[in-house]
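Each chain is listed here by its residues.
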Amino acid sequence: MTTREFNFDGIVGPTHNYSGLSYGNVASTLQKNAPSNPRAAALQGLEKMRRVSTLGIGQAVLPPLRRPCLTFLRRVGMEGNDRQIIERAAATDPVLLAAAFSASNMWTANVATVSPSADCDDGRLHLTVANLTSNLHRSLESASTFRIMQFVFADERHFVVHPPLPAAQAFSDEGAANHTRLANRIDGPGLECFVYGRSAMRAGAQLPHRFPARQTLEASQAIARLHQLAPARTVFVQQNPIAIDGGVFHNDVIAVGNQNTLLCHEQAFVDQAQTLDQLKQQFADECGGTLCVIQIATKSFSLDDAVKSYFFNSQLLSRADGHMTLICPIECKELDSARFCIETTLDGDNPIDQVEYFDLRQSMLNGGGPACLRLRVVLTDSQQQAVHDGILFSEDLYQRLVQWVNAHYRQRLLPDDLRDPRLVEEVDSAMMELTEILQLPQDLL
Ligand code: SUG
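Here goes a summary of the coordinates provided. (Residues numbered from 1 in each chain as written. Predicted model: local features only at pLDDT ≥ 70, side-chain atom pairs only at ≥ 80, totals over all residues. Heavy atoms only, no water.)

1. Some remarks on empty space enclosed by the protein
Then, number 1: Applying the stated criterion across every chain, the model contains 6 cavities of 30 Å³ or more.
Then, number 2: Volume-wise, the largest cavity comes out at about 380 Å³.
Then, number 3: Taken together, 25 residues line the largest cavity, and the ones lying closest to its centre are His179, Thr180, Arg181, Gly257 and Arg376.
Then, number 4: Those elements that place two or more of their residues in the lining of the largest cavity are β6 (179-182), β9 (255-258) and β15 (374-379).
Then, number 5: The space that makes up the second largest cavity amounts to roughly 230 Å³.
Then, number 6: Ser22, Ser104, Trp107, His137 and Asn366 are the residues nearest the centre of the second largest cavity, which is lined by 24 residues in total.
Then, number 7: Per-class residue counts for the lining of the second largest cavity are 7 nonpolar, 15 polar and 2 charged. (1 Å grid on protein atoms, 1.4 Å probe; cavity = no way out; pocket = protein on both sides within 12 Å on 5 of 7 lines; lining within 4 Å. Points joined across faces, edges and corners; volume = space filled by probe spheres on them. Helix = DSSP H or I, 4+ residues; strand = E, 2+ residues; numbered from the N terminus. Nonpolar A, V, L, I, M, F, W, Y, C, P; charged D, E, K, R; others polar.)

This is the structure:
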């Protein structure tokens, strides 16, 4: 074994539903109150993990969080026993109930930012759990995620797990969805590119008018300090506010990078030409070699189509032969302009020579494509041994999880069903069994 990229995918939770909770996320808003199929959602995610693991990429799973989050409902004044709390929340404020039930930690690209040990001054891998303060339902993830990450990456000789940044607007952080690591060699030092939507303290920056900018510059800078990154190998780039207003609520909806390749839309960044030149120069100076930038022009692929198809939310993976595969959502196959982009990318002079399509519609309808469902973690040989091994993907784990999903998950769920007391019982028994399958302590979930 050598240094490898692992993809930690979130197992979609049994309460996956469409409550329209994410303003600025077009799919989430359009899908509000439609029925979801949690079983199909979880199986679609597992299918993708299975395929990725056969491409030679490391694959691991992260568990769903126990829902509803009753501690939250109690903190906002819903009193009584568990059942009464749910009834009260349903009667007084169903949005709070939906937040408490959300399965949103399935999008693990948002749960943390990870810097591999080759980039960090102390030679350990650093991981900062995201506070996700931009949306109420997502902010409820961070405390539990922190405990899970501390358990999974427990060995302090190899890993440093930082708690979420202070839960203030100035430090609003959405994790790896706004962070790309570029490197010439996977085990060499990389260029860490942080993309922010706004600055909390600096006046004068261009801002979106319609939708909120979730990531702040101050959060990204704090993470770079915590991770002990060398300033020469760290870049802070502003996301184009026009893109945010067009529904690009995270940078990974408009750009994806892998090793020496960056694939992005023409409208991804502020001062794009200058930004890309700077990235190329720093890459050459700090990583050695040439950064291959594939820029897709607006005239052949509109911002709207990028958001509709989620082409840039594809996973870009290096295979053992040195070439790269794109794992695209099936929606890309169904849109002429996206297909055209894929064909020209495959034909171009760049490392990408293969594409595979996946049906992830259940997640896509809430604004989460292939790349949203995974957190990338580059692990050295000895770090791989140190990670909790109950979550490492194998054919056996896949089979057990499929069986578990089929036994416990509903095939239809409406936001209105969240008040059904039987749902809580179903989730509890599912989570109990999952802790056994993944060899996790019972009180972790
Ligand atoms: O934060 N959707 C998620 C989607 C996250 C996608 N992640 C990345 N781009 N990396 C979000 O907006 C919808 C929940 C609802 O409406 O029920 C939601 O949270």
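2. Some thoughts on the side chain of Ser28
Then, number 1: Here Ser28 is to be found in helix α1 (residues 26-31).
Then, number 2: Of the residues examined, Ser28 reaches a relative accessible area of 2% and is grouped as buried.
Then, number 3: Contact partners of Ser28, with chain neighbours within four places excluded, come to Gly20, Leu21, Ser22, Leu365 and Asn366. (Buried < 20%, exposed > 50% of the residue type's maximum accessible area, 1.4 Å probe, protein only. Contact = heavy atoms within 4.5 Å.)

3. Here's the deal with the pattern of salt bridges
Then, number 1: Using the criterion set out here, one finds 23 salt bridges in the structure.
Then, number 2: Among the salt bridges present, the one from Arg50 reaches Glu47, with a minimum N-O distance of 4.0 Å. Of the two residues, Arg50 and Glu47 are both situated in helix α2 (residues 38-54); the distance of 3 residues between them amounts to about one turn of the helix.
Then, number 3: Owing to a relative accessible area of 26%, Arg50 belongs among the partly exposed residues under this scheme. (Salt bridge = Lys/Arg side-chain N within 4 Å of Asp/Glu carboxyl O.)

4. So, the environment of Gly368
Then, number 1: With respect to the helices and strands, the residue Gly368 is situated in the loop between α13 (361-364) and β15.
Then, number 2: Spatially, the C-alpha atoms of Gly368 and Asn33 are 17 Å apart, while their sequence positions differ by 335 residues.
Then, number 3: Beyond its immediate stretch of four places on either side in the chain, Gly368 contacts Trp107, Tyr310 and Ser363.

5. Let's talk about the site of the ligand
Then, number 1: Contacts to the ligand come from 21 residues, most closely from Leu21, Ser22, His137, Asp252 and Cys372.
Then, number 2: Here an oxygen atom of the ligand and a side-chain polar atom of Arg214 are 2.9 Å apart.
Then, number 3: Here a nitrogen atom of the ligand sits 3.1 Å away from a polar atom, N or O, in the main chain of Asn366.
Then, number 4: Computed on the free molecule, the ligand has an accessible area of 490 Å², of which 99% lies beneath the protein chains in the complex. (Near = heavy atom within 4 Å. Polar contact = N/O pair within 3.5 Å; in protein donor to acceptor, adjacent residues only side chain to side chain. Areas by Shrake-Rupley, 256 points an atom, 1.4 Å probe, with all protein chains shown as cover.)

6. Some remarks on helix α10 (residues 272-286)
Then, number 1: Here α10 spans 21 Å end to end across 15 residues, near enough to the 21 Å set by a 1.5 Å rise per residue.
Then, number 2: Within the span of α10, buried status applies to Gln272, Thr275, Leu276, Leu279, Gln282 and Phe283. All buried residues of α10 fall inside an arc of 130 degrees around its axis, so they share one side. Along α10, the residues that are exposed and aim more than 90 degrees away from the buried face are Ala273, Gln274, Asp277 and Asp285.
Then, number 3: Buried positions along α10 lie against β6, β7 (191-196), β8 (234-238), β10 (261-265) and β11 (292-296).
Then, number 4: A positive backbone phi angle near 80 degrees is found at Gly288, which sits one or two residues after α10. (Expected span 1.5 Å × (residues − 1). Arc of directions from axis to C-beta.)

7. Considering the sheet that holds strand β4 (residues 125-129)
Then, number 1: Here 3 strands make up an open sheet; going across it, the order is β3-β4-β5 and the pairing mixed. Sheet topology places β3 (112-115) and β5 (159-162) at the edges, where each strand pairs with a single neighbour. This sheet shows a mean twist of 15 degrees between the axes of neighbouring strands, independent of strand direction.
Then, number 2: Inspection of the sheet shows β4 paired to β5 by 4 bridges, in the parallel sense. Note on β5: the bridge partner recorded for Leu127 is Val161.
Then, number 3: Packed on one face of the sheet, helix α7 (residues 142-152) meets β4 and β5 and runs near 160 degrees to β4. (Pairing = 2+ DSSP bridges. Axes fitted to C-alpha atoms, helices over the stretch in contact; angles between N-to-C directions.)

8. Looking at the nonpolar core
Then, number 1: Core analysis: the largest hydrophobic core is formed by 104 residues, its most contacted members being Phe8, Leu73 and Phe153.
Then, number 2: The biggest single contributor to this core is helix α16 (residues 421-437), with 7 residues.
Then, number 3: Setting aside residues up to four positions removed in sequence, Phe153 forms contacts with Phe8, Leu127, Phe159, Val161, Val377 and Val387.
Then, number 4: Membership of the second largest hydrophobic core comes to 19 residues, among which are Leu335, Cys341, Ile342 and Ile352. (Core = buried A, V, L, I, M, F, W, Y, C linked by side-chain atoms within 4.5 Å.)

In short, the description is geometric, and any link to function would need to be established separately.
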